[in-house]
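Secondary and tertiary structure notes
The residues making up each chain are set out below.
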Amino acid sequence: MTFKQEIERRRTLAVIAHPDAGKTTLTEKLLLFGGAIHIAGAVKSNKILKPATSDFMEIERQRGISVSTSVMTFEYCDRKINILDTPGHEDFAEDTYRTLTAVDSVIIVIDGAKGVELQTRRLMEVCRMRNTPVIVFINKLDRESKDPFDLLDEIEKELKINVVPLSWPIGDGASFKGVYNRFEKKLQLFYSVNKQKSDAGILEIIDLKSDEAVTALGEANKRLQDDLEIIETVYPEFDKTEYDAGKLAPVFFGSAVNNFGVRELLNCFVEIAPYPQKSITDTREISPFESKLTGFVFKIHANLDPNHRDRIAFLKICSGVFERNKPYFHVASKKQIRFSSPNTFLADKKSIVDKSFPGDIVGLHDTGTFKIGDTLTEGEILNFKGIPNFSPELFRYIENADPMKSKQLAKGIDQLMDEGVAQLFTLKINNRKIIGCLGMLQFDVIQYRLEHEYGAKCKYEPIALYKACWFESDDKNQLDNFMTRKYHNIALDKYGRNVYLADSAYALKMAEDKFNKIKFHFTSEMTSVSYE
Ligand code: G4P
């Protein structure tokens with residue numbers, strides 16, 4: 001196979017959802033249909049059971065299990081599909097956001113009874129920032145669900161994306177009869193299922209007016225015909241360009257646990273989902289077809305087991321071929337590094353890989369060299385753009401609790417921030433350090449890891465802050481004025497950029513109104529900086 005063919009057959013995606021919507025179930029079913037596993041239940045769920053806050057070690061243990069499912073690869077219709085797993089716990093949302101920078105498209109799972117939920121909205125915001133193509137799967141139709149037209153309206157309104165239903169449900173809950181597949185133009189009836197296998201429980205009828213269809217659907221047939229007519233007039237035709245631009249989302253209905261609607265979703269996915277696309281760096285655009293290797297680290301997984309302190313850095317390959325034992329240029333340290341045992345992942349197995357292509361993810365063993373956003377090349381100096389930092393929502397002062405260990409504390413905090421566990425802000429006025437997180441658990445994780453990995457002790461003190469925002473302006477006067485007026489609330493982030501720490505929503509609103517020539521950003525791009 002040529003290099004070009006290798007790239008064009010790759011599809012790298014993430015399945016994302018609000019917890020409990022069915023992400024794990026759907027992912028597993030995609031693997032089942034792709035033949036990567038043969039029986040449901042073979043993939044360990046990365047769903048994190050909800051222990052008490054203090055039980056974060058249990059969560060980390062479960063996360064440890066999920067390292068091997070970080071990337072799941074399978075072949076389907078001559079395509080090589082890489083599914084990038086995302087943590088099932090909301091407190092690790094930032095991990096999920098960063099994973100989204102490494103995919104070329106996403107499948108969003110929505111619970112048909114609940115509709116669009118908080119985490120679905122947030123995840124979609126990240127997709128929108130990057131114009132990531134989206135397919136929506138509305139799940140759990142075997143249970144009582146919202147009206148399908150209402151669900152589509154909700155998606156359009158709440159997720160701010162146009163939709164085109166490519167399948168249509170016939171009833172829901174106890175009266176769920178199946179779906180009409182508009183993409184493949186056939187009726188699929190839902191009856192007894194064998195959840196463990198991929199080929200059970202579907203009766204296909206091509207002609208909607210046939211006696212078979214009329215008998216099977218009964219009363220529901222008329223309603224289906226009416227619905228389909230409405231769909232034809234209300235929704236646009238599927239337009240691949242609009243989908244590629246992240247403006248139009250095809251929608252499928254089904255029931256993942258019953259394998260229903262999953263094959264249709266997968267068939268459509270392999271047909272329309274984009275292969276690896278161009279990436280933007282701080283110097284130029286990179287085409288995946290370029291012969292020289294480029295790639296970036298989007299995730300670092302630390303091992304909390306004291307006997308195995310190694311970390312795995314996940315590298316997304318953006319161009320060229322990644323080869324085992326070949327030296328690559330680590331832009332941040334300006335050093336050549338070679339990797340003797342880069343890993344790929346298949347269901348629950350890890351294996352050493354000799355060659356990987358754009359779209360693939362390799363796991364690199366790391367002893368503390370890498371940080372999130374780092375770039376590998378064959379010598380060129382560039383940094384990939386679009387690995388964002390999100391405005392944290394929870395803040396605490398972090399203080400040294402053991403004055404003898406201040407060096408260890410500084411090193412520990414520095415390395416944990418490199419891993420992207422949380423964000424550190426240093427107040428300009430008094431140099432006090434503030435940790436900002438998206439989930440409460442992160443505070444416990446940091447405290448524990450500082451103690452167990454770095455021998456340092458920290459304590460937290462409360463601080464009432466609403467949001468951290470990065471800001472910029474062409475109006476120097478206004479910027480200076482703002483910095484002077486808000487001096488107590490200005491901090492530096494890890495990269496030395498100014499950040500405004502707003503005390504309240506009201507204070508932020510007032511600042512936005514008063515300093516109208518300043519742009520406030522709630523995400524920043526986490527670019528690599530050289531260790532000069
Ligand atoms: P998540 O990864 O998005 O958090 O969700 P997950 O797949 O773990 O699914 C959450 C729950 O929803 C699971 O039930 C799962 O079995 C159920 N589920 C998934 N798809 C469907 C579906 O199509 N129909 C119905 N009725 N349920 C579905 P659970 O009770 O939490 O776990 P389990 O004991 O069944 O595994």
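First things first, this report covers the structure right here in the doc. Owing to the predicted nature of the structure, the values given are computational and were not obtained by experimental measurement.

1. What about the overall build of the protein?
For the protein, the helix and strand inventory stands at 14 helices and 33 strands. Looking at the protein residue by residue over its 532 residues, the buried ones come to 56%. Once local pairs closer than 6 in sequence are excluded, the contacts in the protein between residues at least 24 apart make up 72%. Within the structure as shown, the protein displays about 23000 Å² of accessible surface, and the carbon and sulfur contribution to it stands at 49%.

2. Some points on the pattern of salt bridges
Under the counting rule described, the total for this entry stands at 34 salt bridges. Residue Lys186 is joined to Glu184 by a salt bridge in which the shortest nitrogen-to-oxygen separation is 3.1 Å. A relative accessible area of 14% places Lys186 in the buried class. By relative accessible area, which is 26% here, Glu184 ends up partly exposed. Because the salt bridges share partners, they merge into one network encompassing Glu6, Arg9, Arg10, Glu75, Lys80 and Asp360.

3. Focus on the side chain of Thr101
Topologically, Thr101 is positioned in the loop between α4 (93-99) and β4 (105-111). With a relative accessible area of 5%, Thr101 lands in the buried category. There is a polar contact of 2.5 Å between the side chain of Thr101 and the backbone oxygen of Arg98.

4. A word on the sheet that holds strand β2 (residues 71-76)
Within the open sheet, the seven strands sit side by side as β2-β3-β1-β4-β5-β11-β6. Their pairing is mixed. In the strand order of this sheet, the two ends are held by β2 and β6 (162-165), each with one partner. Taken over all neighbouring pairs, the strand axes of this sheet differ in orientation by 30° on average, direction set aside. Where β6 lies against strand β11 (residues 248-253), four bridges are found, and the strand directions are parallel. Note that in β11 the partner of Val164 across the bridge is Pro250.

5. A look at the pairing of β2
Of all the six residues making up β2, five are buried; the element is thus mostly covered by neighbouring parts of the structure. Examined bridge by bridge, β2 and strand β3 (residues 79-84) share six bridges and lie antiparallel to one another. Paired with Thr73 across the bridge in β3 is Asn82.

6. Concerning the side chain of Asp104
Mapped onto the elements, Asp104 comes out in the loop between α4 and β4. Residue contacts for Asp104: discarding those within four places in its chain leaves Thr12, Thr132, Pro133, Pro274, Tyr275, Pro276, Gln277 and Lys316.

7. Considering the sheet that holds strand β31 (residues 498-502)
The sheet built from eight strands is open, its strands ordered β28-β25-β27-β26-β30-β31-β29-β32 with antiparallel pairing. Looking along the sheet, the strands with just one partner apiece sit at the ends: β28 (458-462) and β32 (519-521). Put simply, the sheet's adjacent strands are angled 45° from each other on average, direction ignored. Pairing analysis gives four bridges linking strand β25 (residues 394-400) to strand β27 (residues 433-437), with the strands arranged antiparallel. Note that in β27 the partner of Arg396 across the bridge is Ile435. Relative to β28, helix α12 (residues 441-454) is tilted by about 155°, and along the sheet it contacts β25, β27 and β28.

8. Some details on the nonpolar core
Counting 57 residues, the largest nonpolar core has Leu100, Val106, Val134, Ile155, Leu187, Leu224 and Phe253 as the members making the most contacts within it. Looking at this core element by element, the count peaks at five residues for helix α6 (residues 148-159). Counting only domains with at least three residues in this core, you end up with domain 1 (3-274) and domain 2 (280-377). Ile107, Phe137, Leu266 and Ile272 belong to the second largest nonpolar core, which has 31 residues in total.

9. Looking at helix α10 (residues 262-272)
Judged by how many residues are buried, α10 sits mostly within the fold: nine of eleven residues are covered. Residues of α10 that are buried: Val262, Glu264, Leu265, Leu266, Asn267, Cys268, Phe269, Val270 and Ile272.

10. Re the packing of helix α11 (residues 406-418) against α12
At a minimum axis distance of 10 Å, the contact between α11 and α12 shows a crossing angle of 120°. Classified by the interaxial angle, the pair formed by α11 and α12 is oblique. Here α11 runs over α12; the crossing is right-handed. Contacts between α11 and α12 pair Gln408, Leu409, Gly412, Ile413, Gln415, Leu416 and Met417 from the former with Ile446, Arg449, Leu450 and Tyr454 from the latter.

What counts, and where the lines are drawn
Residues numbered from 1 in each chain as written. Predicted model: local features only at pLDDT ≥ 70, side-chain atom pairs only at ≥ 80, totals over all residues. Heavy atoms only, no water. Helix = DSSP H or I, 4+ residues; strand = E, 2+ residues; numbered from the N terminus. Buried < 20%, exposed > 50% of the residue type's maximum accessible area, 1.4 Å probe, protein only. Contact = heavy atoms within 4.5 Å. Areas by Shrake-Rupley, 256 points an atom, 1.4 Å probe, with all protein chains shown as cover. Salt bridge = Lys/Arg side-chain N within 4 Å of Asp/Glu carboxyl O. Polar contact = N/O pair within 3.5 Å; in protein donor to acceptor, adjacent residues only side chain to side chain. Pairing = 2+ DSSP bridges. Axes fitted to C-alpha atoms, helices over the stretch in contact; angles between N-to-C directions. Core = buried A, V, L, I, M, F, W, Y, C linked by side-chain atoms within 4.5 Å. Domains from an automatic or database assignment. Parallel < 35°, antiparallel > 145°, perpendicular 65-115°, else oblique. Left-handed = near helix turned anticlockwise from the far one by under 90°.

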